[in-house]
Amino acid sequence: MKKKLIAFVFCLLAVSAISRAQFSVVSPHSVAEARIEVGKQLVYSVFFKGKSIVSNSTIKFEFRQAAPLAEDFAVLKTSTREINETWNPVLKRQASILNNCNELTIQLQEKKFPRRTFNLVFRAYDDGVAFRTEFTGPDNKHEYVITEELVTFNFTADHDCWAANHGSYRSSQENEYFKRKISEITDQMVIGLPMTVKVADDCYAAITEAEIDDYAGMYLKAGHSASGFSVRSSLSPLPKQPDNGDKVKFKFPHKTPWRVIMLGNSPGKLVESEIVMNLN
């Protein structure tokens, strides 16, 4: 009986390993890393110099008149590439900018109807991690309406952060960035970007976005994680239309903006970072 029980446990572990696919992409000098797990849900974690920044954070989408894009995916294919180029900006803080990162693309498909296909693209820079979703199918005939993009940023402790509560999706965005704890952010707040977090004396992170093209702007609200140290994305409503919950209208193919976690040893390093320029 004991041998049968041990064999049963090993079978369960084998099935679990098959149903979960794990991936990693590391920055060129092994400073930042993103780990992605495709299983029941899409889960990612971010590390900086070995320190956990966000962990077990999820990526989900809700649609009007369509099922959520949230769970049960099959990995179709993966690909990687290194980007290493120098380009000259028009507005010159410096004469040239180095764009150097490693990129991982995971092609996914829903296991159940309507079997939509999409790509998760992660980039690891030495000064941050960025990711986006590329909707690729099933066709370009039907219009889809996103009612919410639910990306969570689950921090490992109740860090100090600097967050501006604009109170509305339509504001001048000229409010003060008050120092507060992550746990003090509520669903009633509309937190603007960037939100800067002090992870440790020698580790700072800032949540922002890049390359916004035909998509809603991202704000932040309380993330409701088990730890309570979490924020989640909240998209602004479509302008000049009834506030019925619609955020983005599109046909395949379409891309979200980059969701960016800037990383540095000090706030000054975040100011010096060119990750948003490179992603734009």
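Up top is the structure these notes are about.
If you're wondering where the values come from, they're calculated on a predicted model, not measured in any experiment.

S.K.: What is the right way to read the overall build of the protein from this model?
M.R.: Secondary structure summary: the protein contains 3 helices and 19 strands in total. On C-alpha atoms alone, the protein measures out to a radius of gyration of 20 Å, which is about the 19 Å that the 2.2 N^0.38 rule sets for 280 residues. The principal-axis extents of the C-alpha atoms in the protein amount to approximately 65 × 45 × 40 Å. By the burial criterion, 49% of the 280 residues in the protein qualify as buried. A fraction of 62% describes how many contacts in the protein between residues 6 or more apart in sequence connect residues 24 or more apart. Counting 35 positive and 32 negative side-chain charges, the protein places the averaged centre of each group 7 Å from the other.

S.K.: Is there a simple way to think about the pairing of strand S5 (residues 66-69) in this case?
M.R.: Side chains on a regular strand alternate between the two faces of the sheet. Where strand S4 (residues 51-63) and S5 come together, 2 bridges link them in antiparallel fashion. Residue pairing for S5: Phe61 is matched across the bridge by Leu69. Here S4 folds back onto S5 in antiparallel fashion, the turn holding 2 residues, of which Gln65 has a positive phi close to 60 degrees.

S.K.: Help me understand the pairing of strand S13 (residues 195-200), please; the structure alone is not making it clear to me.
M.R.: Where burial is concerned, most of S13 is hidden: 5 out of the 6 residues are buried. As paired strands, strand S11 (residues 160-163) and S13 are joined by 3 bridges and run antiparallel to one another. Bridge pairing in S13 places Trp162 opposite Thr196. Turn length for the S13-strand S14 (residues 203-210) hairpin, with the two strands adjacent in sequence and antiparallel, is 2 residues.

S.K.: Got a minute to help me understand the nonpolar core in this structure?
M.R.: One finds Tyr44, Ile53, Phe122, Phe153 and Met195 to be the most contacted residues of the largest nonpolar core, which totals 58 residues. Per element, the largest residue contribution to this core is 5 residues, and it comes from S4. Apart from the residues within four sequence positions on either side, Phe122 is in contact with Val25, Ala34, Ile36, Tyr44, Ile59, Asn102, Glu103, Leu104, Val129, Ala130 and Phe131. One finds Ile83, Cys101, Met262 and Ile275 within the second-largest nonpolar core, a separate group that totals 14 residues.

S.K.: Any chance you could explain unusual backbone geometry here in plain terms?
M.R.: Phi is mostly negative for residues that are not glycine, and the peptide bonds are mostly trans. Residue Pro194 follows Leu193 across a cis peptide bond; omega there is -5 degrees. Relative to the elements of secondary structure, Pro194 occurs in the loop between strand S12 (178-181) and S13. Here the amide bond leading from Phe252 into Pro253 is cis, since omega sits at -5 degrees, within 30 degrees of zero. Residue position: Pro253 is located in the loop between strand S17 (248-250) and strand S18 (254-255). Of note in the backbone geometry, Asp72 takes a positive phi value of approximately 60 degrees without being a glycine. The phi angle at Asp214 is positive, at roughly 55 degrees, despite the residue not being glycine. In this structure, Asp214 sits in the loop between S14 and strand S15 (218-222). Judged by its relative accessible area of 55%, Asp214 is exposed.

S.K.: I'm lost on the environment of His159 in this one. Help?
M.R.: Position of His159 among the secondary structure elements: in the loop between strand S10 (144-154) and S11. For His159, a relative accessible area of 9% corresponds to the buried category. In contact with His159, other than residues within four places in its own chain, are Arg180, Lys181, Ile182, Val197, Lys198 and Val199.

S.K.: Looking at this structure, I do not really get the pattern of salt bridges. What am I missing?
M.R.: When charged atoms on two side chains of opposite charge get close, those side chains can pair. A complete count under the given rule lists 18 salt bridges for this structure. We note a salt bridge from Lys247 to Glu148, for which the minimum N-O separation is 3.1 Å. Linking Lys247 in the loop between strand S16 (230-235) and S17 with Glu148 in strand S10, this pair joins segments that are 99 residues apart in sequence. Taking the relative accessible area as the measure of exposure, Lys247 reaches 10% and is therefore buried. By relative accessible area, Glu148 is classed as buried at 10%. The salt bridge partner of Lys179 is Asp160, with a shortest N-O separation of 3.8 Å. In this pair, Lys179 sits in strand S12 while Asp160 sits in strand S11, placing the two residues 19 residues apart along the sequence. One salt-bridge network, in which partners are shared between bridges, spans Lys40, Asp72 and Lys112.

Cut-offs applied
Residues numbered from 1 in each chain as written. Predicted model: local features only at pLDDT ≥ 70, side-chain atom pairs only at ≥ 80, totals over all residues. Heavy atoms only, no water. Helix = DSSP H or I, 4+ residues; strand = E, 2+ residues; numbered from the N terminus. Rg over C-alpha atoms; globule rule 2.2 N^0.38 Å. Buried < 20%, exposed > 50% of the residue type's maximum accessible area, 1.4 Å probe, protein only. Contact = heavy atoms within 4.5 Å. Lys, Arg positive; Asp, Glu negative; His and termini not counted. Charge placed at Lys NZ, Arg CZ, Asp CG, Glu CD. Pairing = 2+ DSSP bridges. Core = buried A, V, L, I, M, F, W, Y, C linked by side-chain atoms within 4.5 Å. Salt bridge = Lys/Arg side-chain N within 4 Å of Asp/Glu carboxyl O.

The quantities given are spatial measurements derived from coordinates; they are silent on function.
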